[in-house]
Every structure is written in C-alpha cells, then in structure tokens.
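Inside the fold
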Amino acid sequence: MLSIAKSALRPSLARAFAAPATSKSLHTLPDLPYAYNALEPYISEAIMKLHHSKHHQTYVNGLNAAEQAYATSPSVREKIALQSALKFNGGGHINHSLFWKNLSPANADGGKLPEGPLKKAIERDFGSVEDLKKKFNAATVAIQGSGWGWLGYNSSSKTLEIVTTANQDPLLSHTPIIGVDIWEHAFYLQYQNVKADYLTAIWNVVNFKEAEQRLVEAAK
C-alpha cells in the first residue's frame, strides 16, 4: 500500500512539496504561546525549536501537499492512495497544534491543578491526581515505536479515560483533554532513550487550565 501511495503521489505531490513559500496553503504552523526556552528545565529549548519549527512544519507541508494532490487527482484510485498521507500529516498537525497549548511554563500555569471540574473528574475516575499520572505514564511508556498518550473524555460514559494512539493517529474515540507526544523527537535530545523520565518531567509543564477548559466544553 505504501508503494502504491508513493507512486500515486508523483509528480503532483512532489511539486507541492517544492512549492515556493508564497504559494497559498490551507494550513500554517501555529505560533507557540511561549518562548522556545520557556519550558526548561523540563523540556529543553533545543527540543522545542526542533520539534516545532522542523517536525511540525513538515506535517503542515505534507498535509497541504496531500490535500492539493487529492483535489487534483483524476481518479478514485489515486484519491484512495492518498489517504495514508492525509491521515499521517493531518494527524500530526492536529496532534501538535493541541500539544503546544497543552503545555505552559512552570512559572505560569504549568503543572498547577487547582480545585475545579478537572480535578474532581480525575479523583472520581482515577482516585487521585498521582494515580492518574502513574497510570498515564505506564500506558504511554508501553507504546511500541511512536505514538501518543491521551487523557480523553468518553462522551458515552461521561468519564475520563487513558487512551493511546499509534504514529500520528489523532484521538477520534474520545475528546482529547491532555495529549503527550512519545515520538523520539519529543524527548531524545534531552532524555535519550529514558522515556519514563520524560513522562515524569512533562507533568511539571502540563497546562491543566487549558485541559480543564476542554473538559468543560466536552461535557456540555
């Protein structure tokens, strides 16, 4: 399937990737709501700069290229072959756009969970905030290869649940409340292969205020 997709992407997708910066794009790289060094010492400036300006930008470019190729593809076969590129790059853009807002400097909102709807829901569904962190980290560190760990809101049961997705698959079964990128580019420069240390550290910069707003909106 991958070889078919690659064949179907040529030459239209290749031209799209090479398009000049002045060409109109549907999707753009969002600005970070803080400086690249604002999450230190928990996430380094070097990681943030590479992760945002290079990796996320690549997903944006790939999504725009795939959508352009899809719009101009003359056959159903070619459109089907483009689905993997749309899913991968579209998911990467969705996930990272959420991820940046999911974080905040430790001297601002990062790591602080006040009394309110989110804390009550966590204590109801997991027993305590610390139990949530332990269960979330255990599920996320167990991901084989690359993927994402999520705290999601199940609209059917009206509960918070821990979910994982592979690669850049977006969370579709639940409303994402908190998402953590477990791709190596998110942590390797600082934590090398010790994913558990990265997962422990990131809670110090999780923006619980943003997460609570998502929960309140999802629970309406």
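The structure contained in this document is the topic of the report that follows. Everything quoted here is computed from the prediction, not taken from an experiment. (Residues numbered from 1 in each chain as written. Predicted model: local features only at pLDDT ≥ 70, side-chain atom pairs only at ≥ 80, totals over all residues. Heavy atoms only, no water.)

A look at the nonpolar core
Counting 45 residues, the largest nonpolar core has Leu118, Leu160, Ile177, Ile178 and Tyr198 as the members making the most contacts within it. Leave out the neighbours within four places in its chain, and Ile177 touches Asn102, Leu118, Leu151, Gly152, Tyr153, Leu160, Ala211, Arg214 and Leu215. (Core = buried A, V, L, I, M, F, W, Y, C linked by side-chain atoms within 4.5 Å. Buried < 20%, exposed > 50% of the residue type's maximum accessible area, 1.4 Å probe, protein only. Contact = heavy atoms within 4.5 Å.)

A short note on the pairing of strand β2 (residues 159-166)
Pairing of strand β1 (residues 147-154) with β2, which is carried by 8 bridges, proceeds in the antiparallel orientation. Of the residues in β2, the one forming a bridge with Tyr153 is Leu160. In this structure, the hairpin formed by β1 and β2 is closed by a connection of 4 residues, where Lys158 is found at a positive phi of approximately 55°. (Pairing = 2+ DSSP bridges. Helix = DSSP H or I, 4+ residues; strand = E, 2+ residues; numbered from the N terminus.)

Let's talk about the packing of aromatic side chains
Tallied over the entire structure, the rule returns 9 aromatic pairs. On the numbers, 5.5 Å between centres and 20° between planes, the contact of Trp148 with Trp150 is stacked. Taken as a pair, Trp148 and Trp150 share a single burial class, namely buried. Following the ring pairs from residue to residue traces out a cluster consisting of Phe99, Trp100, Trp148 and Trp150. The ring of Tyr70 carries the charged tip of Lys79 above its face, separated from the ring centre by 4.3 Å. (Phe/Tyr/Trp six-rings, centres within 6.5 Å; stacked < 30°, edge-to-face > 60°. Lys NZ or Arg CZ within 6 Å of the ring centre and 35° of its normal.)

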